[in-house]
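# Reading the structure
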Amino acid sequence: MRDLKKIKISELKGVGPKMNQLLNRINIFTVYDCLRYYPRAYEDLSTTYKFKDKIAEKGLFYVEILSNPTVRRPRPNLDIMSVLVSDGVDTAELIFFNSSFLKNYFKIGYKKYIYGEIKNNKNGLQIVQGQIIKKADIGVFNPIYNLTAGLTNNFLRKLLKLAIDDYSNYIEDYLSNELLKDLKLVDLKTAIKNIHYPKSYEDLESARKRLSFDEIFVLQASLDRTNYRSAIKRGPNISYTKYKKEINKYISSFPFSLTNAQKKVTEEIFTDLESASMNRLLQGDVGSGKTIVASLAAYLTYLNGYQTALMVPTEILAKQHFKSFYKDLSDFGPKIELLTGSTSESDKKIILDKLKNQEIDILIGTHSLIQEGVEFNNLGLTIIDEQHRFGVDQRKILYLKGNNPHNLSMTATPIPRTLALIIYGDMEISSIDELPPGRQPIDTIVIDDSYLTRLDSFVIKQIQAGRQAFVVCPLIEDSETMNLNSVEKVYNRYVSNDFKKNHIKTVFLHGKMKNSEKDEIMNDFAKGKIDIIISTTVIEVGINVPNANLIIIYDADRFGLSQLHQLRGRVGRGQEKSYCVLVNNNKTELAYRRMKVMKQSTDGFYISEKDLELRGQGELMGTKQHGISDFQFINFSNDLELIEFVKKSYKEIYQKIQNNKNNFSQLDYYITDMVNVRFESKN
Ligand code: ADP
Ligand code: MG
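Everything numeric here is computed off the predicted structure, so don't read it as measured data.

### A word on the overall build of the protein
Looking only at helices and strands, the protein has 22 helices and 22 strands in total. Along the longest, intermediate and shortest principal axes, the C-alpha atoms of the protein span 95 × 75 × 45 Å. Here the analysis covers contacts within the protein between residues at least 6 apart in sequence; of these, 74% occur between residues at least 24 apart. As displayed, the protein has an accessible area near 33300 Å², and 48% of this comes from carbon and sulfur atoms. Between the averaged position of the 94 positive side-chain charges in the protein and that of its 83 negative side-chain charges there is a distance of 3 Å.

Shown next as structure tokens:
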């Protein structure tokens, strides 16, 4: 067999040095790259339509010429040819620029196939620059490729035709015929042929289905390869059955009962701890009560004689967690300690000694936990809060401090299930999709700049009543190119006029400031020494200030919905009624619909689904970083069933592939692509 990755594209007929260069520009270097350069869309030449069925859309029309062409020449280098045609129902005008050489092609009574967009404007129906389609091409779907200057679609089509004719026989599959039959998929060769040259809609769909499967399966396999957790060793033995009584006693000490969602995820976690090596992601909105669930896992780990490490991204969060763990759990036995960058050297030495001797059961801290010299006696569980703030390497270091410890990662950024299954392909997922009862709903109000004066007096009133406010802007300083509210601009307003008269204490905060400065401001705010913080999105993570009941987000349309949702979660934590004001001056339909979602819902999962639906998968938060935006076939709005299926049957399918040497080496061939593209290039 020939290795298509080793055949240079320049070996193909018609690819000279110049074309070679152009093809390289769109990342086609080899025949393999070429075959995998999939069309971005198709011209559907399989069906002819009537004009009225395709207004403002593209389609194929079979027309009769009603008049000989007329040609105008408004400028020396421009001629405009116009032809009147009928589709048997309506008449339309075909317009061509600088194509009068085609004049003889259109004569009264001739019939032609035309492909193009049918417009309905005040001159009636028109097709501008339609393509004349040869009879031989009728009935097919013509591929349309992404291009670069100098490269035409026609050239690529011909090149692909050549590549398929001469080389598709060398495409090997990693799925055996038997598996293909079981999975109801077409083989890879057929899929690649049909994705470039589908003869029917069915061809196209079966090719898409096969290539979607590949995207998920091969990604899953490459996640497996990069996974540092041992696949064979199970985690430490942690029994729930043995300690049910103790756990129930701890639960009954809570001043509230667990929500159903909390009960469900706790059960999922306990089952994992008991039966397998856990690597689980717990996702749930801010305030959904993840901490208490984490403390249950840590307590069970303690009861079984193992230590827990809880790692969080900031010092403030570490302290917050330490306080609540200490308050809830220390009466039940576990020794809990805090280790951060500001722990003194002498305290640190004591903590590290105790940790080694297992005189500490739960260690809570920041990145300090993964420093050299931090040695556990028998680390059984790692918990990572806001897990996306840590890199793979950092998580790996913590993991290696134990003997295949269980892991619980947490995030307050709910994402659609489809995306979660892909991005966190190596983890099981638990979701808390319900808030504890009795929360004050946050009022969300959408305004534009014409309301700013009224908004200012509302802010002043809230501050006078003793509350505090967050203000968020998309930029730090004014920009010449973008007409947006910056921290600088808004700050200047908030320290003058009525704000000044009322002695309102406003500070600004942004990502370019030192961490120590930021922490000091946040601490002062938490203590009530500051009334208003004006910032960029740096306030996103963690901070809990129950007295802050107002957040104003300027140019709200500039933020993702999930991000707006996160920001809104900074308020609504206390007894007072809370408000989120979205200032939006963008009058587009899309901006309107996005603001409406924010007004209608406070459910992070729902909002993330809507974000996906309205913005498309390329722009979702985190997707770029995970390489998700290069997925071409999986549709994250619609393919949940397929993704869940692949995830569920992955191990079984993988096993079968592994049993066949030839198939297995083919899978390697594709995984190498994935690993290179999606993982290694990121670091
Ligand atoms: P997050 O999921 O954002 O980490 P927390 O765990 O900090 O949320 O919980 C937010 C608040 O809700 C805490 O004060 C916690 O004590 C409280 N809480 C957690 N679970 C419940 C519950 N089932 N009923 C009432 N309050 C709860
Ligand atoms: Mg939390």
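### Quick word on the site of ligand 1
Near ligand 1 you find 14 residues, and of these Gln262, Gly287, Lys290, Thr291 and Arg439 are the closest. Between ligand 1 and the protein, one listed contact pairs a nitrogen atom with a side-chain N or O atom of Gln262 at 2.8 Å. One nitrogen or oxygen atom from the main chain of Gly287 is found 2.6 Å from an oxygen atom belonging to ligand 1. Compared with its free state, where it exposes 570 Å², ligand 1 has 67% of that area covered by protein. Class assignment for the residues of the shell around ligand 1 results in 4 nonpolar, 7 polar and 3 charged.

### Here's the deal with the packing of helix 18 (residues 561-568) against helix 19 (residues 589-600)
Between helix 18 and helix 19, the least distance of the axes is 11 Å, while the angle of their chain directions is 35°. The interaxial crossing formed by helix 18 with helix 19 has right-handed handedness. Contacts between helix 18 and helix 19 pair Leu561, Leu564, His565 and Arg568 from the former with Arg594, Met595, Val597 and Met598 from the latter. Grouping the amino acids of the contact of helix 18 with helix 19 by side-chain chemistry returns 5 nonpolar, 1 polar and 2 charged.

### A look at the side chain of Ser288
Mapped onto the elements of the fold, Ser288 is located in the loop between strand 10 (279-284) and helix 9 (290-303). One polar contact links the side chain of Ser288 to the main-chain carbonyl oxygen of Asp285, over a distance of 2.7 Å. If we skip the residues at most four places from it in the chain, Ser288 touches Gln262, Ile432, Glu434, Leu435 and Pro436.

### Structural notes on the environment of Leu185
Relative to the helices and strands, Leu185 is located in the loop between helix 4 (177-183) and helix 5 (188-196). Classification of Leu185 by relative accessible area gives buried; the value is 10%. With 351 residues separating them along the chain, Leu185 and Thr536 place their C-alpha atoms 48 Å apart.

### Quick notes on the nonpolar core
Counting 72 residues, the largest nonpolar core has Leu23, Leu156, Leu175 and Phe217 as the members making the most contacts within it. A per-element tally of this core places helix 6 (residues 201-226) first, with 10 residues. Apart from the residues within four sequence positions on either side, Phe217 is in contact with Tyr174, Val646, Tyr650, Ile653, Tyr654, Ile657 and Leu667. With 38 residues, the next largest nonpolar core counts Ile247, Tyr250, Phe254 and Leu303 among its residues.

### Remarks on empty space enclosed by the protein
Counted by the stated rule, this structure contains 2 cavities of 30 Å³ or more. Estimated volume of the second largest cavity: approximately 30 Å³. Together, Ile216, Leu219, Gln220, Leu223, Leu421, Ile422, Ile643 and Lys647 line the second largest cavity. Listing elements by their share of the lining of the second largest cavity, those giving two or more residues are helix 6, helix 13 (417-423) and helix 21 (640-658). Element by element, the count of residues in the lining of the second largest cavity is highest for helix 6, at 4 residues. For the lining of the second largest cavity, the class distribution of residues is 6 nonpolar, 1 polar and 1 charged.

### Structural notes on unusual backbone geometry
One non-glycine residue with positive phi stands out, namely Glu386, at about 50°. Summarising the element assignment, Glu386 is placed in the loop between strand 14 (379-384) and helix 12 (392-399). The phi angle at Asn404 is positive, at roughly 55°, despite the residue not being glycine.

### Here's the deal with the sheet that holds strand 14
The sheet built from 7 strands is open, its strands ordered 12-13-11-14-15-10-16 with parallel pairing. A single partner strand is all that each edge strand has here, and the edge strands are strand 12 (336-339) and strand 16 (428-432). Neighbour to neighbour, the strand axes of the sheet diverge by 20° on average, direction disregarded. As paired strands, strand 12 and strand 13 (residues 362-365) are joined by 4 bridges and run parallel to one another. Within the sheet, the bridge partner assigned to Leu339 lies in strand 13 and is Gly365. Its contacts with the sheet put helix 9 on strand 10, strand 11 (307-311), strand 13, strand 14, strand 15 (406-411) and strand 16, and the angle it makes with strand 14 is roughly 170°.

### Things to note about the domain arrangement of the protein
Split into domains, the protein comes out as domain 1 (47-137), domain 2 (241-432) and domain 3 (442-626). Of the roughly 1600 Å² buried where domain 2 meets domain 3, counting both sides, 65% is carbon and sulfur surface. Of all residues in domain 2, Val286, Ile316 and Pro416 give up the largest surface area on contact with domain 3, accounting jointly for 29% of the area buried on that side. Run the count over domain 2 and domain 3 and you get 0 salt bridges. Linking domain 2 to domain 3 there are 3 residue pairs in polar contact (both at pLDDT 80 or more). For the side of domain 2 that touches domain 3, the secondary-structure elements that each account for two or more residues are helix 10 (315-329), helix 13 and strand 16.

Conventions adopted
Residues numbered from 1 in each chain as written. Chains lettered and ligands numbered in written order. Predicted model: local features only at pLDDT ≥ 70, side-chain atom pairs only at ≥ 80, totals over all residues. Heavy atoms only, no water. Helix = DSSP H or I, 4+ residues; strand = E, 2+ residues; numbered from the N terminus. Contact = heavy atoms within 4.5 Å. Areas by Shrake-Rupley, 256 points an atom, 1.4 Å probe, with all protein chains shown as cover. Lys, Arg positive; Asp, Glu negative; His and termini not counted. Charge placed at Lys NZ, Arg CZ, Asp CG, Glu CD. Near = heavy atom within 4 Å. Polar contact = N/O pair within 3.5 Å; in protein donor to acceptor, adjacent residues only side chain to side chain. Nonpolar A, V, L, I, M, F, W, Y, C, P; charged D, E, K, R; others polar. Axes fitted to C-alpha atoms, helices over the stretch in contact; angles between N-to-C directions. Left-handed = near helix turned anticlockwise from the far one by under 90°. Buried < 20%, exposed > 50% of the residue type's maximum accessible area, 1.4 Å probe, protein only. Core = buried A, V, L, I, M, F, W, Y, C linked by side-chain atoms within 4.5 Å. 1 Å grid on protein atoms, 1.4 Å probe; cavity = no way out; pocket = protein on both sides within 12 Å on 5 of 7 lines; lining within 4 Å. Points joined across faces, edges and corners; volume = space filled by probe spheres on them. Pairing = 2+ DSSP bridges. Domains from an automatic or database assignment. Buried area = accessible area lost by both parts, 1.4 Å probe. Salt bridge = Lys/Arg side-chain N within 4 Å of Asp/Glu carboxyl O.

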